[in-house]
Amino acid sequence: MKPTSFKLIFLTVVGITLLSGGISLWLASQPTPTKPQKGMFETTQNTWLMGSGAIFGLLGGRSDSTKTNKSDSEN
């Protein structure tokens, strides 16, 4: 089965989000982080937050487009 563009984009966003979340957790568990580690933690934390928002946005947009397509086909 060939993946659609939505599936590809969705899985990419989920992968990057989980990766940045995992790195963020790992950096947060460091006993005395260095200045570069603190900067990386902030970056991965922001990426985690933006990725989470993007996942909900993609799912919400997918839901709206499905409803629109069904109502168009009924008319």
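Above this note sits the structure.
Just so you know, these numbers come straight off a predicted model, no measurement behind them.

### Structural notes on the side chain of Thr44
Residue position: Thr44 is located in helix α2 (residues 35–74). At 3.0 Å, the side chain of Thr44 and the backbone oxygen of Phe41 are in polar contact. When sequence neighbours within four positions are dropped, the list of residues in contact with Thr44 reads Ser20, Ile23, Ser24 and Leu27.

### As for the side chain of Ser20
With respect to the helices and strands, the residue Ser20 is situated in helix α1 (residues 5–28). Residue classification places Ser20 among the buried residues on the basis of a relative accessible area of 6%. Here the side chain of Ser20 touches Thr17 through a polar contact of 3.0 Å, landing on its backbone oxygen. Discounting chain neighbours no more than four positions away, the residues touching Ser20 are Thr44, Thr47 and Trp48.

Reading guide: rules and limits
Residues numbered from 1 in each chain as written. Predicted model: local features only at pLDDT ≥ 70, side-chain atom pairs only at ≥ 80, totals over all residues. Heavy atoms only, no water. Helix = DSSP H or I, 4+ residues; strand = E, 2+ residues; numbered from the N terminus. Polar contact = N/O pair within 3.5 Å; in protein donor to acceptor, adjacent residues only side chain to side chain. Contact = heavy atoms within 4.5 Å. Buried < 20%, exposed > 50% of the residue type's maximum accessible area, 1.4 Å probe, protein only.

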